[in-house]
Amino acid sequence: MNRDSILKEAYELLPARRRRHTEGVRETAIRLAKLYGEDPDKAELAAVCHDMMRIREIDRLNELIDAYGIAPRYKGNPALAHSKLAAAVMRKDFGIDDPELLNAVCYHTTGRAGMSRLEMIIYLADAIEPSRDYPGVEEIRRLAETDLEEATRAMLEHSVAYVREAGQELDPDSLAAIRYLNRSHTDIDMKEEKRMDSKQAAYRAAAVLDAKKGEEIVIINVAEKSSFADYMVVATGRSSRQVAALADDVEDALTADGYDLRSVDGKNGTGWVLLDFGDVIINVFERETRERYNIEKVWGDCPTESYGKEE
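Rules used in this analysis
- Residues numbered from 1 in each chain as written.
- Predicted model: local features only at pLDDT ≥ 70, side-chain atom pairs only at ≥ 80, totals over all residues.
- Heavy atoms only, no water.
- Helix = DSSP H or I, 4+ residues; strand = E, 2+ residues; numbered from the N terminus.
- Rg over C-alpha atoms; globule rule 2.2 N^0.38 Å.
- Contact = heavy atoms within 4.5 Å.
- Areas by Shrake-Rupley, 256 points an atom, 1.4 Å probe, with all protein chains shown as cover.
- Lys, Arg positive; Asp, Glu negative; His and termini not counted.
- Charge placed at Lys NZ, Arg CZ, Asp CG, Glu CD.
- Buried < 20%, exposed > 50% of the residue type's maximum accessible area, 1.4 Å probe, protein only.
- Salt bridge = Lys/Arg side-chain N within 4 Å of Asp/Glu carboxyl O.
- Pairing = 2+ DSSP bridges.
- Axes fitted to C-alpha atoms, helices over the stretch in contact; angles between N-to-C directions.
- Polar contact = N/O pair within 3.5 Å; in protein donor to acceptor, adjacent residues only side chain to side chain.
- Phe/Tyr/Trp six-rings, centres within 6.5 Å; stacked < 30°, edge-to-face > 60°.

### Observations regarding the overall build of the protein
Right, on to step 1. A count of helical and extended segments in the protein gives 14 helices and six strands.
Right, on to step 2. The globule rule puts the C-alpha radius of gyration for 311 residues at 19 Å, and the 20 Å found for the protein is close to it.
Right, on to step 3. Overall size of the protein, expressed as C-alpha extent along the three principal axes, is 55 × 45 × 35 Å.
Right, on to step 4. Contacts spanning at least 24 positions in sequence make up 60% of the contacts within the protein whose residues lie at least 6 apart.
Right, on to step 5. Put simply, the protein shows about 14,800 Å² of open surface, and 46% of that area lies on carbon and sulfur atoms.
Right, on to step 6. In the protein, the 44 positive side-chain charges and the 60 negative ones have mean positions that sit 2 Å from each other.

Below you can see the structure in the form of structure tokens.
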């Protein structure tokens, strides 16, 4: 699809109640993109697409989460699910493969560690467009005109404080984004932050494996049973070459996000690559090797979650 067709399709998908907001986000994103030397066309496309899957009907939302292979943890949560669904529609239906553009939509609600300038622009535009009215918005608007990163940090801290005050669960992406921008601890409890950060790394690894066609992806929460890690991610590759490629892709993504790789074991055609990121261990197997070691059975008394969906 060409850009004009994508914009038309996105507007048609957009719920009527979100159109005024989306137009405000579009105008704000274009202005900020020009101010900070980013591509205004990309900013406009991300802005128009960002809320196109803002579906209220929970049953329909959950159906689409299954259909597009979104992590089941987003079921019943339109506030977080709509950004993931919109990015999936852009990739699978619109044929968009620009990672920065997809990430700008995927993380526009929560932010994430290592946000690009375009991601910050869409995150802020969603929060400060002209119809937004909440305590502190004028200060964040002022910051957005002079310091994109500082405005993003301020908005993240405002959002996290709001979620905590409402007694809701903090999203690990937001916590990781604050940590990344602050480079030091905020008043968020350090133990909670550590746990959330390892969860963020595990889901980030699973998302990369899913995007690169890894199969049978499982996230195992071993925090209560293990002294060496909080999460284990297990996936299957169809060949030794794909196993190595999947491991390389996860290594590149997590190190780019600021996670420290401690060791890599099992390359050179062994049928199993293990990436040790400290609190998160990623295992990528060939099918026969995975069946032989049966890690899921070894950790059978730990909570698990399947991630993604074979297409």
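Structure's up, so let's keep going.
### Let's talk about unusual backbone geometry
Right, on to step 1. In this model, Lys213 sits at a positive phi of 75°, which is unusual for a non-glycine residue.
Right, on to step 2. Structurally, the position occupied by Lys213 is in the loop between helix H11 (190-211) and strand S1 (215-221).
Right, on to step 3. Here the phi dihedral of Glu216 falls at roughly 50°; this positive angle occurs in a residue that is not glycine.

### A look at the side chain of Gln200
Right, on to step 1. Its location among the elements puts Gln200 in helix H11.
Right, on to step 2. Look at Gln200 and you get buried, because its relative accessible area is 4%.
Right, on to step 3. Setting aside residues up to four positions removed in sequence, Gln200 forms contacts with Pro172, Asp173, Ala176 and Tyr259.

### What about the pattern of salt bridges?
A side chain with one charge may pair with a side chain of the opposite charge, provided their charged atoms come close.
Right, on to step 1. According to the stated counting rule, one finds 24 salt bridges in the structure shown.
Right, on to step 2. Arg26 is the partner of Glu23 in a salt bridge, and the nearest nitrogen-oxygen pair spans 2.6 Å. Note that Glu23 and Arg26 are positioned in helix H2 (residues 19-35) at a spacing of three residues, about one turn of the helix.
Right, on to step 3. Under the relative-accessibility criterion, Arg26 is labelled buried at 18%.
Right, on to step 4. Between Arg142 and Glu139 there is a salt bridge; the shortest N-O distance is 2.5 Å. Pair noted here: Arg142 and Glu139 are both in helix H8 (residues 137-144), with a separation of three residues, about one helical turn.
Right, on to step 5. What makes Arg142 partly exposed here is its relative accessible area of 45%.
Right, on to step 6. Via salt bridges that share partners, Arg3, Glu23, Arg26, Asp41 and Glu44 belong to a single interconnected network.

### Some thoughts on the sheet that holds strand S6 (residues 304-307)
Right, on to step 1. Taken in spatial order, the six strands line up as S3-S4-S5-S2-S1-S6 in an open sheet, and their pairing is mixed. One side of each edge strand has no neighbouring strand; the edge strands of this open sheet are strand S3 (263-265) and S6. Taken over all neighbouring pairs, the strand axes of this sheet differ in orientation by 15° on average, direction set aside.
Right, on to step 2. Judged from the three bridges that link them, S3 and strand S4 (residues 272-276) form a sheet pairing that is antiparallel. Residue pairing in the sheet places Asp265 in a bridge with Leu274 of S4.
Right, on to step 3. Along the sheet, helix H12 (residues 240-256) contacts strand S2 (231-237), S3, S4 and strand S5 (280-286); its crossing angle with S5, the most-contacted strand, is approximately 160°.

### Examining helix H6 (residues 99-106)
Since the α-helix turns once every 3.6 residues, residues separated by three or four places project in the same direction.
Right, on to step 1. In terms of burial, H6 is a largely internal element, six of the eight residues being buried.
Right, on to step 2. For H6, the set of buried residues is Leu101, Leu102, Asn103, Ala104, Val105 and Cys106.
Right, on to step 3. Packed against the buried residues of H6 are helix H3 (40-49), helix H5 (78-92) and helix H7 (117-128).
Right, on to step 4. One side-chain oxygen at the N-terminal end of H6 lies 3.0 Å from the backbone nitrogen of Glu100; it belongs to Asp98.

### Digging into the environment of Gly278
Right, on to step 1. Here Gly278 is to be found in the loop between S4 and S5.
Right, on to step 2. What makes Gly278 buried here is its relative accessible area of 4%.
Right, on to step 3. Among all residues touching Gly278, those that are not within four sequence positions of it are Phe228, Ala229 and Arg262.

### Quick look at the packing of aromatic side chains
Right, on to step 1. Per the stated rule, a full pass over the model turns up five aromatic pairs.
Right, on to step 2. Members of the aromatic cluster, connected to one another through ring pairs, are Trp272, Phe285 and Tyr293.

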